[in-house]
Amino acid sequence: MEVDKSSKQGDNSKPRQTHISPELANQAINDAITYSGGDVVVMARTCASGFCDALQQCYGSEEISDVFIACGSGLNGLIGLQVAVELQKKGYAPEVYAAEQSKHANFRSVCDEAGIDLHDFIPSTLEFYYDIVVDALLGTGFDGGDIRQQYWTVYEMLISTRLAIVSLDVPSGWDLSTGPRKIDVTADSFIKPEVLVSLGAPKLGSKVFAGGYHFIAGRHLPQSYFLEKGISVPAFPGEESNCVLMSSNPFRFEGANGETYGRPGQFNATLYTKNPTREWVDVDKHDDLWDELD
Ligand SMILES: NC(=O)C1=CN([C@@H]2O[C@H](COP(=O)(O)OP(=O)(O)OC[C@H]3O[C@@H](n4cnc5c(N)ncnc54)[C@H](OP(=O)(O)O)[C@@H]3O)[C@@H](O)[C@H]2O)[C@H](O)CC1
């Protein structure tokens, strides 16, 4: 997959920001709802559409089907619900877990209508039942504090699962400006997504994302919205597309100086090596390495 760099629009004479602050991210939410005619469900569906296009580019429905979607109690969770509906239309078999169903009264009706299983528990053998996990738990509404008790079980699952994780907008529990909290990095207790799908524009904290693919998705705001604010975002590669690949590292292997790499969907516990000097590997130039992993 090529990264579309041709879209740096506007005046290139002055350096543009590429990542947005928490303040702009939250302003964008309100503007997106306005842009969606004030209908938050319409906005959630638009975001979900872009997210699903990105997920499908990494994990086609012919290679994986069972998707576990962990939804939080805010807008991130609401988009996660719409992701389930959209993935089912695309031929996947999604199942939804809602952290606090009470805060989303319509979860039950939406899932019942779509014939999607809604769980209020986490199966202990997640890897046995599912192929990938969607992290729609916490987004830009995360308050930066310790994870509240009612989220502990699902959060612990997201940290410890060996399934590949696709995070919606912000990996849950990551600080919007700095990424994983220092206390969590010290304890190696933070979510390590294989794929990050930023909505509208990447947040500052996603600069430390070290998974396989980072997409920008969602036509919930016109792409000019961020350009007008001095934020340079890649254009979607076509009128029909709802996402664009911003960066990728599609292949990893055990490196000479101890760094560890894996293939998308491989057990992602090792994706975030602590070796800052790791070299990204271009899979197209390393056919030989695929054999080693097969
Ligand atoms: N970036 C964009 O352009 C757009 C992003 N969108 C999506 O909207 C979410 C942000 O939605 P919001 O509801 O504000 O926040 P979250 O979905 O992240 O929900 C946070 C909920 O989690 C609770 N919370 C907060 N901190 C903690 C914690 N430490 N432990 C457990 N739970 C926590 C919080 O509860 P409160 O009681 O404090 O409210 C929230 O319920 C963004 O991420 C995108 O997905 C827009 O849809 C489009 C534009």
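Residues numbered from 1 in each chain as written. Predicted model: local features only at pLDDT ≥ 70, side-chain atom pairs only at ≥ 80, totals over all residues. Heavy atoms only, no water.

As recorded in an unreviewed UniProt entry, the chain goes by the name NAD(P)H-hydrate epimerase, listed as coming from Chondrus crispus.

Asker: How should the overall build of the chain be read in this particular structure?
Answerer: The secondary structure content of the chain amounts to 9 helices and 10 strands. Considering the chain as a whole, with its 294 residues, one finds that 52% of them fall into the buried category. Counted over contacts in the chain with a minimum sequence separation of 6, partners at least 24 positions apart contribute 73%. Summing over all exposed atoms, the chain offers an accessible surface of approximately 13500 Å²; the carbon and sulfur share of this is 51%. (Helix = DSSP H or I, 4+ residues; strand = E, 2+ residues; numbered from the N terminus. Buried < 20%, exposed > 50% of the residue type's maximum accessible area, 1.4 Å probe, protein only. Contact = heavy atoms within 4.5 Å. Areas by Shrake-Rupley, 256 points an atom, 1.4 Å probe, with all protein chains shown as cover.)

Asker: Could you clarify how one ought to interpret the side chain of His119 in this entry?
Answerer: Among the structural elements, His119 can be located in strand β3 (residues 117-119). On the basis of relative accessibility, which here comes to 12%, the residue His119 falls in the buried class. A polar contact of 2.6 Å, which involves the side chain of His119, links it to the side chain of Glu95. With residues up to four places along the chain from it excluded, the contact list for His119 reads Phe68, Glu95, Val96, Tyr97, Ala98, Gln101 and Tyr130. (Polar contact = N/O pair within 3.5 Å; in protein donor to acceptor, adjacent residues only side chain to side chain.)

Asker: Looking at this model, I keep getting lost on the packing of aromatic side chains. Mind explaining?
Answerer: The relative placement of two aromatic rings is captured by the distance of their centres and the angle of their planes. Applying the stated rule across the entire model yields 6 aromatic pairs. Geometrically, the ring pair formed by Phe128 and Tyr129 is edge-to-face, given 5.1 Å between the ring centres and 90 degrees between the ring planes. Taking the relative accessible area as the measure of exposure, Tyr129 reaches 45% and is therefore partly exposed. Connected via pairs of aromatic rings, a cluster forms that spans Phe68, Tyr97, Phe128, Tyr129 and Tyr130. It is Lys192 that lies over the ring of Phe190; its NZ or CZ is 4.3 Å from the centre. Here the basic side chain of Lys229 rests over the ring of Tyr225, its NZ or CZ set 3.8 Å away from the ring centre. (Phe/Tyr/Trp six-rings, centres within 6.5 Å; stacked < 30°, edge-to-face > 60°. Lys NZ or Arg CZ within 6 Å of the ring centre and 35° of its normal.)

Asker: Honestly, the pattern of salt bridges in this entry has me stumped. Any pointers?
Answerer: Tallying each qualifying case throughout the model produces 7 salt bridges. Across the pair Asp146 and Arg181 runs a salt bridge whose closest N-O atoms are separated by 3.1 Å. Taken together, the residues Asp146 in the loop between β4 (132-136) and α6 (152-160) and Arg181 in the loop between β7 (179-180) and α7 (182-186) connect sequence positions 35 residues apart. Overall, Asp146 belongs to the exposed group, its relative accessible area being 58%. Between Lys203 and Asp169 there is a salt bridge, with its nearest N and O atoms 2.5 Å apart. One end of the pair, Lys203, is in the loop between β8 (195-199) and β9 (213-217); the other, Asp169, is in the loop between β5 (164-168) and β6 (174-175), and 34 residues separate them in sequence. What makes Lys203 buried here is its relative accessible area of 4%. The exposure class of Asp169 is buried, given its relative accessible area of 8%. Taken together, the salt bridges that share partners define one network made up of Asp146, Arg181 and Asp184. (Salt bridge = Lys/Arg side-chain N within 4 Å of Asp/Glu carboxyl O.)

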